Structures are given as C-alpha cells and as structure tokens.
Amino acid sequence: MEAESEFKEYYAKNMRGISGWFNRAYTIERWLYAAHRITGILIVLFVLAHFYSTGWHPGLWWDALLGIIVTFHTANGIRLILAELGFAVGKPLLIKKPSQRPVSIEGVQRYVVVFALVLFVVLAAIWAYYALIVQPMMG
Amino acid sequence: MASEEAKEYVLPPEVLEETVKASEELWKPVRKIKFRIYKYNPRKDYAPHWEEHELEVSRGMTVLDALLIIKGETDHSLGIRYSCRMGLCGSCAMMINGKQMLACQTRVLEAAGSGDVVELRPLDNFPVERDLAADFTSFFEKHRAVKPWIIRNDEVELNNPTGPYKQTVDEYARYYQFTDCIKCGACLSACPTAATDYEYLGPQALAQAYRYIVDTRDDGLDVRIPIVDTEHGCWRCHFAASCSDVCPRGVDPAQGIQLLKKLLIKRKFGLKPHKPAEALPAKVKAEKEG
Ligand code: SF4
Ligand code: SF4
Ligand code: FES
C-alpha cells in the first residue's frame, strides 16, 4: 500500500530529481552546472581523506584524475564567480529582436565559458605532468 | 475629396493571387507526423501511458493546432490548457520533444525536424493536472511570494496621486525586459535546481523580484530581501541558464537572478539601487495643462 502510493506520487509530482541535471536539450552551461556539482561532491570526499592524513594521495593515474576534478572546479568556479556576481551576464535589453536569444548566455558569458575551458585544460595538463612524470621520477 | 478617401480599397489582382497562393502553400498538408502523447489522470490512473496519433500536417500548423484537431477528431478526452493561441497568455507550455516550448508558438515541422515523431509531455517539475496540463498552484504561489507589485512608503501620494512618478528611459530599460514574462512556467520547468529542490523560488519569481526592485518607482528592496535572500532563494541558482534558454519571451531570467545577487551584495555594503522616484509636482502638471 505504502509502495503503491509512493509510486503514484512519483508520477503525479513529475519531478525530475538528479536525472534532471543531465539533459541534452539545453546549452553547454547546463553540462557545466552538472559537472561543477559532481566535482564539488568528489572534492569534499577527497578533503575528508585529506583531513585524516594530509600526506595521503591516491597515486599516479588517480592523482591525475584528482587533478582533472580540482582544476575543472577551479576554472569553472572562476566563470561562475564572474557570472553570479553579475559581471559577465550583460545588461537588460530595451529592444528585443522577434526571436531574441538571451544575452546572459550568448553575450560575453560565452567567451568566459571558452576561457574557463581553456584554463581547465591548461591547468589539468600541468597537474597531470607533475602527477605522471615528475612525481614518479622523484620517487 | 472625402468621398474619394472613403472609396473601398481593393487589392490589385496579382497581389491577391499571390497572397492566396502563399496561404494555400502554408496550409497544404505536406507530411505525416506521428504524435506520441502522454496520457495520465493522477486521480484515476495507476500510471501514465502513451497514445499515438497520426496526422497530415502543413507548414503553418502549430503543435496546438494539431492537438486541437486530435482532440476534436480522435481523442476527445485529451487534457490540454490554452487560451490565446498567440503566445501571450502562457497557458500552453509543454515538453515538445523533450524541451519546454509554447505549443501555440511552435510549428509541428519545426519541432519534428528531420524526424517524423513529435513527443508531447506535460511540463517537467510541475505536478500533473491531467495529460498535458500541469498544476501551476505552487508556481503562482512563488510568484506571489516575492510581492510582484510596486511597494512605496508614501501612503498619501499613493491614495491621492498628484501626478505620475518620474522615470527616465534609462531607468525604464533596467527592468523592461523582465516585464515581458507571461508566467508560462517553462523556465521553472527547465531549471535543474528546481528538479531537486521543490521549494526553490525559481527563475520566474526571482526575475520578477528583480524587476520590481530595480523599478525606480519602487521602494521595496528591504521588504523583499528576507524573501529572496534565503536558502531556497537566489543563492540556489548556479547559472545553468536553461531558464533563459527556453524562455519563449526573451525575458532572460538567469540574467535577472545574477543581477539580483549583485544587488544583494551591494546592499550588504549599504548601497541601494536608487532613491524612490518622486511624483511629478502638481504645479508642473497644472502649468502644462495651462
Ligand atoms: S520568465 Fe519566460 S519562461 Fe519563465 S514564466 Fe516568464 S515567460 Fe515563461
Ligand atoms: S540560471 Fe539559475 S534559475 Fe536559471 S536554470 Fe540555472 S539554476 Fe535555474
Ligand atoms: S495559448 Fe496562450 S501562450 Fe499558447
């Protein structure tokens, strides 16, 4: 009975839940949103281990993966700070075109997205270089 | 002279012919499209099911036109909501092939693209009323929660206005974009934050809060801060910008929310966006009227 009413409620409420974060229909910002949240959760998990022993790290390939997670969160975080403090989203319009696309997505913000992604790749590459080449050499 | 002006204007025959031809072209059936429609009545059905209808569609036919034909001819029980049929009332937003759109503003062939199936669902993240109609109760409550009206402290002037409030075009431009909102719910439905946080105020309400806060006639910033500056308020937004992506009216709620955050931070430093506008003095008005 309990299960049945929960089942019914699920359809009546029609809430997407976490699966709603992942949807191909929208713009790239949606993917960055999902990735930012997931990397954020993973970083918190790592920080717990880091508190337990600050010297601990997962090692080699895992280190490189950790680098991808951290550098993505950093680079995208810079974009989010700019956008959410209202610096990269443009100004409200007085005149709209018949099928106006949003300025906050397709204005300056798009360049900030590109900047954040490039920054991410560069930082992740540097991190991976240290994790995969420099660290093992130093033993 | 006057009689000449009153003469009936008749379209030149070649223009008339062209117009008729163009409209015939627009309404001529061109392709068979399959409509997959979500059928569900939460009060009666155990679970939703899909129904399929095939229809010959023309280039000009909107999804709403098609739905009305289906409702009239094959499935009278189909639940849909619409009124204006021209993108002004915001009643007919639904998921058309997985994205929030107005049924009356989306042509079937545009939605189908190169495929021949159009899938219709009620708006995500809204309770289902029946079939394609969503329940907007909590959506309107959220809208009402941000006090979407002009708040002022000058009771006397409000009750006995001596003249209109002053406002320049630049000041008008700060909020005009957001006044176009038709409360269709597409933005809240598309928002990934709303998919997991039921109480999130949502892009529509937050953009309207911003619209009233930056209106120079309004003096309600401090009244609205405790409403929007909360756990389920503007700080829940992390700029996925899907709300602006789907908005059929170019309201760009994502922009409004980020500007609202900027405003709240400025307020923490003691800055206010504007002084509430004064009414144009009665003397000037009297002088103008001469
Ligand atoms: S902001 Fe746009 S999408 Fe949201 S309710 Fe208003 S018109 Fe609809
Ligand atoms: S910008 Fe904010 S309100 Fe709009 S979809 Fe993204 S999280 Fe939701
Ligand atoms: S019927 Fe009014 S907006 Fe579609």
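Student: Would you explain the sheet that holds strand β4 (residues 99-102) of chain B in this entry?
Tutor: Note on sheets: strands pair through backbone hydrogen bonds, and any given pair is parallel or antiparallel. Residues and elements named next belong to chain B. An order of β2-β1-β5-β3-β4 is seen for the five strands of this open sheet, with the pairing classed as mixed. The outermost strands of the open sheet, each flanked by one partner alone, are β2 (49-58) and β4. Here the average twist between neighbouring strands, direction ignored, is 35°. Here strand β3 (residues 93-96) pairs with strand β5 (residues 117-121) via two bridges, running antiparallel. Counterpart to M95 in the pairing with β5 is R121.

Student: Just to check I follow, could you spell out the site of ligand 2 for this structure?
Tutor: All names here are of chain B. The environment of ligand 2 is made up of 14 residues, and the closest members are C191, C237, A240, A241 and C243. For the shell around ligand 2, the elements supplying multiple residues, two or more each, are α10 (192-196), α13 (242-246) and α14 (253-268). Of the residues contributing to the shell around ligand 2, the split by class is eleven nonpolar, three polar and no charged.

Student: What am I meant to see in the site of ligand 1 here?
Tutor: The local shell around ligand 1 consists of B:C181, B:I182, B:K183, B:C184, B:G185, B:A186, B:C187, B:Q204, B:C247, B:P248, B:R249 and B:V251. Its residues placed into classes, the shell around ligand 1 shows eight nonpolar, two polar and two charged.

Student: Help me understand the layout of surface pockets in this model?
Tutor: A water-sized probe rolled over the atoms picks out the places where empty space is left. All names here are of chain B. Reported here for the largest pocket is a volume of approximately 590 Å³. Contributions of two or more residues to the lining of the largest pocket are made by β4, α4 (108-112) and α13. Taken together, the residues that form the lining of the largest pocket break down as eight nonpolar, eight polar and eight charged. Taken together, domain 1 (2-134) and domain 2 (137-289) each give at least three residues to the lining of the largest pocket, which thus spans both. One number sums up the size of the second largest pocket: a volume of about 400 Å³. Every residue lining the second largest pocket is counted, 17 residues in all, and those nearest its centre are R174, Y210, V214, L263 and K266. Within the residue set of the lining of the second largest pocket, elements represented by two or more residues are α7 (169-173) and α14. For the lining of the second largest pocket, the element with the most residues is α14, which contributes four residues. Here the lining of the second largest pocket is composed, by residue class, of eight nonpolar, three polar and six charged.

Student: Where do I start with a nonpolar patch on the surface in this structure?
Tutor: All names here are of chain A. Taken together, I18, F22, I28, W31, I38, I41, L42, V44, L45, L48, F51 and L117 make up a surface patch of nonpolar side chains, about 1100 Å² in accessible area. Here W31 is to be found in helix α2 (residues 28-52). A relative accessible area of 39% places W31 in the partly exposed class.

Student: Can you walk me through the domain arrangement of chain B in this structure?
Tutor: A common way to state how big an interface is: give the accessible area lost once the parts meet. All names here are of chain B. Its domain assignment divides chain B into domain 1 (2-134) and domain 2 (137-289). Contact residues are listed per partner, giving 13 residues for domain 1 and 16 residues for domain 2. Both faces considered, domain 1 and domain 2 share a buried interface measuring about 1100 Å² in area, 57% of it formed by carbon and sulfur atoms. In terms of surface lost to domain 2, no three residues of domain 1 exceed Q100, N125 and F126, which account for 47% of the buried area on that side. Across the domain 1-domain 2 interface, the total number found is one salt bridge.

Student: Please explain unusual backbone geometry as it appears in this structure.
Tutor: The phi angle of most residues is negative, glycine excepted, and most peptide bonds adopt the trans form. Residue and element names in this part refer to chain B. Notably, N125 is not glycine yet its phi reads approximately 60°, a positive angle. With respect to the helices, strands and loops of the structure, N125 is situated in the loop between β5 and β6 (128-130). Of note in the backbone geometry, A241 takes a positive phi value of approximately 60° without being a glycine. Tracing the chain through its elements places A241 in the loop between α12 (221-228) and α13.

Student: When you look at the interface of chain A and chain B in this model, what are you seeing that I'm missing?
Tutor: Facing 42 residues of chain A, the contacting portion of chain B comprises 54 residues. Counting each side, the surface lost to burial between chain A and chain B is near 3900 Å², with a carbon and sulfur contribution of 57%. Counting the surface chain A buries against chain B, the share from its top three residues, A:Y26, A:E84 and A:K96, is 16%. Connecting chain A to chain B are four salt bridges. Ionic pairing is found between B:K261 and A:E84, a salt bridge with its closest N-O pair at 2.7 Å. The interface formed by chain A and chain B contains 24 residue pairs in polar contact (both at pLDDT 80 or more). In terms of residue class, the side of chain A that touches chain B is built from 20 nonpolar, ten polar and twelve charged.

About the cut-offs
Residues numbered from 1 in each chain as written. Chains lettered and ligands numbered in written order. Predicted model: local features only at pLDDT ≥ 70, side-chain atom pairs only at ≥ 80, totals over all residues. Heavy atoms only, no water. Pairing = 2+ DSSP bridges. Helix = DSSP H or I, 4+ residues; strand = E, 2+ residues; numbered from the N terminus. Axes fitted to C-alpha atoms, helices over the stretch in contact; angles between N-to-C directions. Near = heavy atom within 4 Å. Nonpolar A, V, L, I, M, F, W, Y, C, P; charged D, E, K, R; others polar. 1 Å grid on protein atoms, 1.4 Å probe; cavity = no way out; pocket = protein on both sides within 12 Å on 5 of 7 lines; lining within 4 Å. Points joined across faces, edges and corners; volume = space filled by probe spheres on them. Domains from an automatic or database assignment. Patch = residues over 30% accessible without salt bridge, like charges linked within 9 Å, V, L, I, M, F, W, Y side chains within 5 Å. Areas by Shrake-Rupley, 256 points an atom, 1.4 Å probe, with all protein chains shown as cover. Salt bridge = Lys/Arg side-chain N within 4 Å of Asp/Glu carboxyl O. Buried < 20%, exposed > 50% of the residue type's maximum accessible area, 1.4 Å probe, protein only. Contact = heavy atoms within 4.5 Å. Buried area = accessible area lost by both parts, 1.4 Å probe. Polar contact = N/O pair within 3.5 Å; in protein donor to acceptor, adjacent residues only side chain to side chain.

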